[in-house]
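One letter stands for each residue in the lines below.
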Amino acid sequence: MTSDTPAGRRFRVFNRRRSAPSRVRRRLGAAARMLAALALAGGVYTAFAPGAFAEDTPQLSASAQEGKALFDNSCISCHGRNAEGVEGRGPSLIGVGSASVEFQVGTGRMPMTRQEAQAAQKPPQFDKAQTKQLGQYIQELGGGPQIPTGDLTMSLEENPEALAAGGELFRLNCTSCHGFGGGGGALSSGKYAPSLHDATTEEIYAAMLSGPQNMPVFGDNELTPDQKREIITYVKMQLQEDKDPGGLFNLGRYGPVTEGLAIFVVGITILVFAALWIAGKS
């Protein structure tokens, strides 16, 4: 026990000064041990749970990587670096799936030459392999509908009613825009339904899945995959292979307006000449 003399007070101050650094060292040591424990726990978690970071950086397949290179060179200016879309230039492609890409790019509608009411069909700028690669990239990037593999039509040997069922479905769902003969027709706001006479099975199936322009989307809830195949069977066999189901003078198969006009013009002409002939003989 120290006395309350000047020497004793100096001794107590000296002891406090010596004890202060020891408390600081203890606190620094505790903090260092906590940081070391946290680093160790993080390292163990990283080593045994790599999947937590794998989802943030998904690896693209080789085909998708080729598609990404094509996308970066030809599509990024309108659809954005990550296909998120650019306002006033192009929509987002997240979730549209490979079906939409294969239809738009495979028919030459994309890339568009200029902004207009509807993308017109033209010779494609990419071959089939490149179109598949672009579609695969968009598919892996955001998912969406895909064109199924295999035959997209139905064999009449397996299902004799496929042609009749496809015709009924076509008349119910497609003729209001594409016409009874599949020749297409004008729609509102400068848009139009294209002709189906040269469409491939993949293009028809992809159009039903993606709903381009004014066309509605026919998902599997609206039309089952088999019903889609029945419609394609009808289009291929009845509207494309059988070029003239209405006879020699099919008038383009554009519907009752064309037929009524032809009947009126031809009929009136025959009646006029008949009347003149009768008048000349009388």
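For the structure itself, look to the data block above.
**Student:** What should I look at first to understand the overall build of the protein chain in this one?
**Tutor:** Secondary structure assignment for the protein chain yields eleven helices and two strands. Across the 282 residues of the protein chain, 28% fall into the buried class.

**Student:** I tried to follow helix α7 (residues 162–173) on my own but got confused; where do I start?
**Tutor:** Every α-helical turn comprises 3.6 residues, leaving residues that sit three or four positions apart pointing alike. Its twelve residues place the ends of α7 16 Å apart at the C-alpha level, agreeing with the 16 Å of an ideal helix rising 1.5 Å per residue. Listing the buried residues of α7 in full gives A162, G166, G167, L169 and F170. The arc that holds every buried residue of α7, seen down its axis, measures 170 degrees, which confines them to one face. Every exposed residue of α7 that faces more than 90 degrees away from the buried side is listed here: E168 and L172. Summarising the contacts, the buried residues of α7 are in contact with α8 (175–178) and α10 (225–241).

**Student:** Mind showing me how you'd approach the pattern of salt bridges here?
**Tutor:** Following the criterion strictly, the structure yields five salt bridges and no others. A salt bridge links D72 to K68; the shortest N-O distance between them is 2.9 Å. Residue D72 and its partner K68 are located together in helix α3 (residues 62–74), separated by four residues, close to a single helical turn. A salt bridge links K132 to E102; the nearest nitrogen and oxygen atoms lie 3.1 Å apart. Of this pair, K132 sits in helix α6 (residues 128–142) while E102 sits in helix α5 (residues 97–106), and the two are 30 residues apart along the sequence.

**Student:** How do you make sense of the packing of helix α9 (residues 201–210) against α10 when you look at a structure like this?
**Tutor:** Each pair of packed helices can be described by the angle between their axes along with the distance between the axes. Close contact between α9 and α10 brings their axes to 10 Å; oriented N to C, the two are set at 135 degrees. It follows from the interaxial angle that α9 and α10 lie oblique. As α9 packs across α10, the resulting crossing turns out to be right-handed. Across the interface between the two elements, T201, I204, Y205, M208 and L209 from α9 touch P225, K228, R229, I231, I232, V235 and K236 from α10.

**Student:** When you look at the nonpolar core in this model, what are you seeing that I'm missing?
**Tutor:** Proteins that are soluble and globular tend to have nonpolar side chains buried together. Within the largest apolar cluster, 22 residues are counted, with the highest numbers of intra-cluster contacts made by F170, I204, M208, L223, I231, I232 and V235. Of all elements in the fold, only α5, α7, α9 and α10 reach the threshold of two or more residues within this core. Per-element tally for this core: the top contributor is α9, with six residues. Residues within four places of F170 in sequence aside, it is in contact with T175, G179, F180, G182, L196, I231, Y234, V235 and L239. Grouped together as the second largest cluster of nonpolar side chains are twelve residues, V101, L134, Y137 and I138 included.

**Student:** Would you explain unusual backbone geometry in this entry?
**Tutor:** Across the chain, the bulk of peptide bonds are trans and the bulk of non-glycine residues have phi less than zero. In this structure, P111 follows M110 across a cis peptide bond, with omega equal to 0 degrees. Take P111: it is sitting in the loop between α5 and α6. A positive phi angle, near 60 degrees, is found at S189, a position not held by glycine. Tracing the chain through its elements places S189 in the loop between β1 (185–186) and β2 (192–193).

**Student:** So what exactly am I meant to see when it comes to the side chain of T131 here?
**Tutor:** Position of T131 relative to the elements: it lies in helix α6. Overall, the relative accessible area of 7% leaves T131 in the buried class. When sequence neighbours within four positions are dropped, the list of residues in contact with T131 reads V101, E102, V105, G106 and F126.

**Student:** Can you walk me through the side chain of T153 in this structure?
**Tutor:** Within the secondary structure, T153 sits in the loop between α6 and α7. At 2.9 Å, the side chain of T153 and the side chain of D151 are in polar contact. Ignoring sequence-local partners within four residues, the contact set of T153 consists of T201, R229, I232, T233 and K236.

**Student:** Explain the environment of V96 here, please?
**Tutor:** Mapped onto the secondary structure, V96 falls in the loop between α4 (76–79) and α5. What makes V96 partly exposed here is its relative accessible area of 22%. Considering only alpha carbons, one finds V96 and L209, 113 residues apart in sequence, at a separation of 9.5 Å. Those residues in contact with V96 that sit more than four places away from it in its chain are I138, G143, G144 and P145.

**Student:** How should the packing of aromatic side chains be read in this particular structure?
**Tutor:** Geometry of an aromatic ring pair is reported as the spacing of the ring centres plus the angle between the planes. Across all of its chains, the model carries two aromatic pairs by this definition. Taken together, a centroid distance of 5.5 Å and an interplanar angle of 45 degrees make the contact between F170 and Y234 tilted. In this pair, F170 sits in helix α7 while Y234 sits in helix α10, placing the two residues 64 residues apart along the sequence. Exposure remark for Y234: the relative accessible area of 10% places this residue in the buried category.

About the thresholds
Residues numbered from 1 in each chain as written. Predicted model: local features only at pLDDT ≥ 70, side-chain atom pairs only at ≥ 80, totals over all residues. Heavy atoms only, no water. Helix = DSSP H or I, 4+ residues; strand = E, 2+ residues; numbered from the N terminus. Buried < 20%, exposed > 50% of the residue type's maximum accessible area, 1.4 Å probe, protein only. Expected span 1.5 Å × (residues − 1). Arc of directions from axis to C-beta. Contact = heavy atoms within 4.5 Å. Salt bridge = Lys/Arg side-chain N within 4 Å of Asp/Glu carboxyl O. Axes fitted to C-alpha atoms, helices over the stretch in contact; angles between N-to-C directions. Parallel < 35°, antiparallel > 145°, perpendicular 65-115°, else oblique. Left-handed = near helix turned anticlockwise from the far one by under 90°. Core = buried A, V, L, I, M, F, W, Y, C linked by side-chain atoms within 4.5 Å. Polar contact = N/O pair within 3.5 Å; in protein donor to acceptor, adjacent residues only side chain to side chain. Phe/Tyr/Trp six-rings, centres within 6.5 Å; stacked < 30°, edge-to-face > 60°.

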